Amino acid sequence: MKVLFAVGSDQISKNIADRYYEKYGEVLEYKTVFYFKNLVDAVREDKTYDIIVINEENMEQYKAKDIDQIDSEIFHYVDTVTDEVQDSEIIFIGAERRTRGDKFILRLYHIGIYNILLG
């Protein structure tokens with residue numbers, strides 16, 4: 001299985017890959033990116049990822065304080081990823097402030113992201 005981790009930490013990716021190997025006996029082929037722009041670049045370079053894991057809290061921090069502006073920028077990157085890859089499963093790990101009724105989460109659902117972890 002080939003996974004793209006947009007989680008902001010090599011150690012997180014390594015821990016998941018090690019745990020996957022322990023549990024299933026299969027080596028996880030993976031790449032880790034640290035910025036949303038790198039996420040988009042990675043899927044443009046290689047559209048063969050089985051799973052893409054995006055953790056919004058562990059990616060780069062934005063200078064803007066306006067939550068709507070930050071959400072708009074994150075959504076733009078995630079939407080671009082969904083446009084680039086058709087067959088990859090995307091798992092989105094939301095920030096602690098996210099709730100089920102959050103309009104950002106609803107927008108993700110409407111573009112086909114159904115695996116969303118909140119808080």
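Before going into details, it helps to say that this report is about the structure given with it. Throughout this document, residue positions are counted from 1 along each chain, in the order its sequence is written. Local features are withheld for residues below a pLDDT of 70 in this predicted model, meaning they are given only at 70 or higher, and side-chain atom pairs are given and counted only at 80 or more; totals for whole chains, interfaces and linings count all residues. Computation of side-chain values: all heavy atoms of the structure, hydrogens and water removed.

### Structural notes on the packing of aromatic side chains
Test applied: Only centres within 6.5 Å qualify two rings of Phe, Tyr or Trp (six-membered ring in Trp) as a pair; their planes then separate them into stacked at under 30 degrees, edge-to-face at over 60, and tilted for everything else. For helices the rule is a DSSP run of H or I covering at least 4 residues; for strands it is a run of E covering at least 2, with both sets numbered from the N terminus onward. To sort residues, take the accessible area from a 1.4 Å probe on protein chains only and compare it with the maximum for the residue type: under 20% means buried, over 50% means exposed, and anything in between is partly exposed.
This structure, assessed with the given rule, holds 6 aromatic pairs. Taking 5.7 Å as the distance between ring centres and 50° as the angle between the ring planes, the aromatic pair formed by Phe92 and Phe104 counts as tilted. One end of the pair, Phe92, is in strand E4 (residues 89–93); the other, Phe104, is in helix H4 (residues 103–110), and 12 residues separate them in sequence. Judged by its relative accessible area of 0%, Phe92 is buried. On the basis of relative accessibility, which here comes to 2%, the residue Phe104 falls in the buried class. By way of ring pairs, the aromatic residues Phe75, Phe92 and Phe104 are connected into one cluster.

### Some details on the nonpolar core
Stated precisely, the cut-off is as follows: We call a set of buried residues a nonpolar core when its members are Ala, Val, Leu, Ile, Met, Phe, Trp, Tyr or Cys and they connect through side-chain atoms within 4.5 Å of each other. Contact definition: two residues touch when any of their heavy atoms are within 4.5 Å.
Counting 25 residues, the largest nonpolar core has Leu4, Leu39, Ile52, Ile54, Val81, Phe92 and Leu108 as the members making the most contacts within it. Within the residue set of this core, elements represented by two or more residues are strand E1 (2–6), helix H2 (36–45), strand E3 (51–55), helix H3 (67–84), E4 and H4. It is H3 that contributes the most residues to this core, 6 residues altogether. Excluding residues that lie within four positions of it along the chain, Ile52 makes contacts with Leu4, Leu39, Val43, Val81, Val85, Ser88, Glu89, Ile90 and Ile91. Membership of the second largest hydrophobic core comes to 8 residues, among which are Val3, Phe5, Val7 and Leu28.

### Describing the pairing of E4
The cut-off we apply is this: In short, DSSP must find at least two bridges between two strands for them to pair.
Going residue by residue along E4, you find Ile90 and Phe92 tucked away on one face and Glu89, Ile91 and Ile93 left uncovered on the opposite face. Pairing geometry for E3 and E4, over 5 bridges, is parallel. Looking at the pairing, Asn55 lines up with Ile93 of E4. Pairing of E4 with strand E5 (residues 115–117) involves 3 bridges; the strand directions are parallel. Across the sheet, the residue bridging to Ile93 is Leu117, located in E5.

### Quick word on the packing of H2 against H3
Defined as follows: Lines fitted to the C-alpha atoms define the axes, with helices restricted to the stretch that makes contact. Angles between their N-to-C directions range from 0 to 180 degrees. Put simply, angles under 35 degrees are roughly parallel, angles over 145 are roughly antiparallel, angles from 65 to 115 are roughly perpendicular, and the rest are oblique. Gly falls in the polar group here, along with every residue not listed as nonpolar (Ala, Val, Leu, Ile, Met, Phe, Trp, Tyr, Cys, Pro) or charged (Asp, Glu, Lys, Arg).
Across the interface, H2 lies against H3 with an axial gap of 9 Å and an inter-helix angle of 5°. It follows that H2 is roughly parallel to H3 by the angle criterion. In this structure, H2 uses Phe36, Lys37, Leu39, Val40, Val43 and Arg44 to contact H3, whose residues at the interface are Ile74, Tyr77, Thr80, Val81 and Glu84. Class assignment of the residues belonging to the contact of H2 with H3 gives a composition of 7 nonpolar, 1 polar and 3 charged.

### Considerations on H2
Under the convention used in this document: Each direction from the helix axis to a C-beta atom contributes to the arc, which is the arc of those directions.
Considered for burial, the residues of H2 that qualify are Phe36, Leu39, Val40, Ala42 and Val43. Here the buried residues of H2 occupy an arc of 160° about the axis, which is enough to place them on one side. Those residues of H2 hidden inside the fold are in contact with E1, strand E2 (29–33), E3 and H3.

### A short note on the layout of surface pockets
The condition is simple: Here a cavity denotes grid points, spaced 1 Å and computed from the protein atoms alone, that fit a 1.4 Å probe unable to get out, and a pocket denotes an open set having protein on both sides within 12 Å along at least 5 of 7 lines; residues with an atom within 4 Å of a point are the lining. Grid points are joined across faces, edges and corners, and a volume is the space filled by probe spheres set on the points.
Empty space within the largest pocket amounts to approximately 330 Å³. As for the largest pocket, its lining consists of 18 residues, of which Phe5, Ile16, Leu28, Val53 and Ile91 are closest to the centre. For the lining of the largest pocket, the secondary structure elements donating two or more residues are E1, helix H1 (10–24), E3 and E4. With 6 residues, H1 is the largest single contributor of residues to the lining of the largest pocket. Class assignment of the residues belonging to the lining of the largest pocket gives a composition of 14 nonpolar, 2 polar and 2 charged.

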